[in-house]
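# Chain and residue survey
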Amino acid sequence: MIGLIQSLWVILILVLLVWRFKVGLALYMAYIFLVPFMSINIAGVSFQWNLVNMLVLLVAIWKFKYKRRNFKIDISPLIPFLLYFGVSLMMMPFQDDTPVNIQSNSWRASIMRSMILPFALWNYMRLDKSSIVFFRNVTLTCIIIAVLYGLFLTTTPGLNPYILLISDANGSEFNEKYALAFGEGRLWGRISSVFSHPMTFGLFLGLAMVYTFFNRKNMNKYVFTTLFLVITIDTIACGVRSVLGGIAVAIALFFLQIRNFKVMLVFTVLAIIGYFVISNIPDLNSYIESIADIHNYNQAVTGSSVEMRLAQLEGCFNEISSCYLQGKGFGWTGYYTSLRGDHPIILSFESLIYVVLCNSGFIGVGLWGVMILKTIHYNMRFQRETSALLNSLLVFYIAYSCITGEYGYMQFFTIFYVLMLGEKLLDNPQSVKKAYIKQ
């Protein structure tokens, strides 16, 4: 049954992308948030992410460039990321450790996942301002579904009926052993909600928290308070400690930017109260304290302590000892894992730093630095609080990825990012300049 529903959903997306583009985009965005797989066969035709992404791009170009000849396509919010992908493409001939076809396929999949839907969403919001509220409502609905289901899964510790069913329908396996890992304060194992992996749910929670707070003035105050509270509970209950670290960094940056000492005081008081509550719950206390634990007496490299993280970093430098400048190739970390499994030292490359170093060397580190700085510079065009929240979204994504790795997380970040940018078109119509054309 769930496979049939999934197939009908994909067919509806394809039809509506051509017939009602706005609704098709919203349905596709909801699919990305709520369904972790797209590998289905309908009448002998294989429907996967690439097919839908290509249709989105073609229809978007037709709608923006040919149907509306006076409309000027804007890619300015995505330029930092397109620069990263462009330079990465030019580096491929100089990276011999990964076959060019593997690099190009990884590059193509990455840019299609991360750039096409955000490009279409951003330009459609510029074209039709009424779509901004529509996309907001769809996004908030997806957030509500994901976080409420995540909260429900605390009643079925370690088990996830939805993911078990959807995995089976798509020929994938759900890692029950990982989800059922209790201990170290994980009272409910690791919760993945509607995502294939708890780490992806953790990323979604952090991004959703910033997005929900960003839209607090557009929501009923009781709905906002309830939703924000449920998201906060999920960040603690999901069993992914990294999300708390990423959120802490994002919140610290936000307060540093807005310089609102009244809000900072309120948050500090709430944090102190929360700490005392958690400290009186033994399992949760050990869970929170383990985030900052810098000691690990296991001699194996596990990456859960400062010492082990440094050993992994050294392993990265050993790997690129013959290619410090350009690294081993775009997508090399995934290529290595598919061939050999976990690395003996770096394990699963559980940090964005390890991924960037191994894949693209020192050039890649500089390239990511430029991408981050250019994004922050773009955000500076908005008033202080908006700029602070956009930067906090970026910093959470970077901090979380540095703690956990980069497993297709850019896709989720760029979607939330352009949705937040779109909201400012309602506040400042002049920001659209002459590009905006009423329907």
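Think of each chain on its own: its residues are numbered from 1, step by step along the sequence as written. The predicted nature of this model means local features are confined to residues of pLDDT at least 70 and side-chain atom pairs, given and counted, to a pLDDT of 80 or more, with totals for whole chains, interfaces and linings taken over all residues. As a rule here, side-chain values come from all non-hydrogen atoms in the structure, and water together with hydrogens is ignored.

### Quick look at the overall build of the chain
Numbering of helices and strands runs from the N terminus, with a helix taken as a DSSP run of H or I at least four residues long and a strand as a DSSP run of E at least two residues long. Counting secondary structure elements, the chain contains 18 helices and 2 strands. Here the chain holds 439 residues, and 50% of them are scored as buried. In what follows, residue pairs with any heavy atoms lying within 4.5 Å of each other are defined as contacts. A fraction of 75% describes how many contacts in the chain between residues 6 or more apart in sequence connect residues 24 or more apart. In this scheme, a residue with accessible area under 20% of its type's maximum is buried, one over 50% is exposed, and one in between is partly exposed, where area comes from a 1.4 Å probe on protein chains only.

### Some thoughts on the pattern of salt bridges
Any carboxyl oxygen of Asp or Glu that lies within 4 Å of a side-chain nitrogen of Lys or Arg is treated as forming a salt bridge with it. This structure, assessed with the given rule, holds 4 salt bridges. Between Asp97 and Lys328 there is a salt bridge; the shortest N-O distance is 3.4 Å. One end of the pair, Asp97, is in the loop between helix H4 (79-91) and helix H5 (100-127); the other, Lys328, is in the loop between helix H14 (306-319) and helix H15 (332-340), with 231 residues separating them in the sequence. Relative accessible area serves as the criterion here: at 36%, Asp97 is assigned to the partly exposed category. Of the residues examined, Lys328 reaches a relative accessible area of 7% and is grouped as buried.

### With respect to the packing of aromatic side chains
What characterises a pair of aromatic rings is the spacing of the ring centres plus the angle enclosed by the ring planes. Note on aromatic contacts: the rings of Phe and Tyr and the six-membered ring of Trp form a pair at centre separations within 6.5 Å, being stacked when their planes are under 30 degrees apart, edge-to-face when over 60 apart, and tilted otherwise. Tallied over the entire structure, the rule returns 41 aromatic pairs. Residues Tyr31 and Trp49 carry aromatic rings whose centres are separated by 5.6 Å and whose planes lie at 75 degrees to one another, so their mutual orientation is edge-to-face. In this pair, Tyr31 is assigned in helix H2 (residues 21-34) and Trp49 in helix H3 (residues 49-67), connecting sequence segments 18 residues apart. With a relative accessible area of 23%, Trp49 lands in the partly exposed category. Two conditions define a charge located above a ring, namely a distance within 6 Å from the ring centre to NZ of Lys or CZ of Arg, and an angle within 35 degrees of the ring normal. Residue placement shows Arg216 over the ring face of Phe213; its charged tip is 4.1 Å from the ring centre.

### Concerning the side chain of Ser114
Along the polypeptide, Ser114 turns up in helix H5. Judged by relative accessible area, which is 5%, Ser114 ranks as buried. Look past the residues within four positions of Ser114 in its chain and what remains in contact with it is Phe85, Met410, Gln411 and Thr414.

### Let's talk about the nonpolar core
Here the nonpolar core consists of buried residues drawn from Ala, Val, Leu, Ile, Met, Phe, Trp, Tyr and Cys, with membership extended through side-chain atoms lying within 4.5 Å. Formed by 113 residues in total, the largest nonpolar core has its most connected members in Leu25, Leu121 and Ile143. Sort the elements by how many residues they give to this core and H5 lands first, with 13 residues. If sequence neighbours within four positions are ignored, Ile143 has contacts with Phe204, Ala208, Tyr211, Thr212, Leu227, Ile231 and Phe416.

### Observations regarding helix H11 (residues 242-258)
Given a rise of 1.5 Å per residue, 17 residues ought to cover 24 Å, and the 25 Å separating the end C-alpha atoms of H11 matches this to within 8%. Here H11 has its buried residues at Ser242, Val243, Gly245, Gly246, Ile247, Ala250, Phe254, Phe255 and Ile258. Just downstream of H11, Arg259 is the residue with a positive phi angle, here 55 degrees. For a helix, the expected span equals 1.5 Å multiplied by the number of residues minus one.

### Examining empty space enclosed by the protein
Points on a 1 Å grid over protein atoms alone make up a cavity when a 1.4 Å probe fits among them but cannot get out, and a pocket when they form an open set with protein on both sides within 12 Å along at least five of seven lines; lining residues each have an atom within 4 Å of a point. Grid points are joined across faces, edges and corners, and a volume is the space filled by probe spheres set on the points. All told, the structure shown has 2 cavities of 30 Å³ or more when counted by the stated rule. Every residue lining the second largest cavity is listed: Ser88, Met91, Gln95, Phe330, Asn359 and Ser360. Those elements that provide at least two residues to the lining of the second largest cavity are H4 and helix H16 (352-379). Each residue is assigned to one class: nonpolar for Ala, Val, Leu, Ile, Met, Phe, Trp, Tyr, Cys and Pro, charged for Asp, Glu, Lys and Arg, and polar for all the others, Gly among them. Split into classes, the residues belonging to the lining of the second largest cavity amount to 2 nonpolar, 4 polar and no charged.

### Some remarks on the environment of Thr386
If you trace the backbone, Thr386 turns up in helix H17 (residues 384-404). A relative accessible area of 3% means that Thr386 is categorised as buried. With 38 residues separating them in the primary sequence, Thr386 and Lys424 have C-alpha atoms 8.5 Å apart. Leaving out residues up to four positions away in the same chain, Thr386 has contacts with Phe214 and Lys424.

### Regarding unusual backbone geometry
Backbone geometry places Leu347, a non-glycine residue, at a positive phi of 55 degrees. Mapped onto the secondary structure, Leu347 falls in the loop between H15 and H16. Looking at Leu347, the relative accessible area reads 17%, which means it is buried.

### Quick look at the side chain of Thr414
Inspection of the secondary structure puts Thr414 in helix H18 (residues 410-427). Beyond its immediate stretch of four places on either side in the chain, Thr414 contacts Ser114, Met115 and Pro118.

### So, the packing of helix H1 (residues 2-19) against H2
Relative orientation of the contacting elements H1 and H2 amounts to 150 degrees, with a least axis distance of 6 Å. Between H1 and H2 the crossing geometry is left-handed. Contact residues: Gln6, Trp9, Val10, Leu12, Ile13, Leu16, Leu17 and Trp19 in H1; Phe21, Val23, Gly24, Leu25, Leu27, Tyr28, Ala30, Tyr31 and Leu34 in H2. Of the residues contributing to the contact of H1 with H2, the split by class is 15 nonpolar, 2 polar and no charged. Between the N-to-C directions of two axes lies an angle of 0 to 180 degrees, each axis being a line fitted to C-alpha atoms and, for a helix, fitted only over the stretch in contact. Should the near helix be turned anticlockwise from the far one by less than a right angle, the crossing is termed left-handed; should it be turned clockwise, right-handed.

### Overview of the packing of H1 against helix H7 (residues 161-169)
Here H1 crosses H7 at 70 degrees, and the two axes come no closer than 9 Å. With respect to H7, the element H1 is oriented roughly perpendicular. The segment H1 lies against H7, with Ile2, Gly3 and Gln6 engaging Tyr162, Leu165, Ile166 and Ala169. When the residues that make up the contact of H1 with H7 are grouped by side-chain class, the tally is 5 nonpolar, 2 polar and no charged. In what follows, roughly perpendicular refers to angles from 65 to 115 degrees, roughly parallel to angles under 35, roughly antiparallel to angles over 145, and oblique to any angle outside these ranges.

### Quick word on the environment of Pro118
Along the chain, Pro118 turns up in helix H5. Classification of Pro118 as buried rests on a relative accessible area of 0%. On a C-alpha basis, the gap between Pro118 and Phe413 in space is 9.6 Å, while along the polypeptide they are 295 residues apart.

### With respect to the confidence of the model for the chain
On average, residues of the chain score 86 in pLDDT, and 85% of them reach the 70 mark or higher. Confidence of the prediction at every residue is given by pLDDT, a number between 0 and 100. Within the model, pLDDT remains below 50 along residues 429-439, and this stretch shows 23 contacts once partners closer than five positions in the same chain are excluded.

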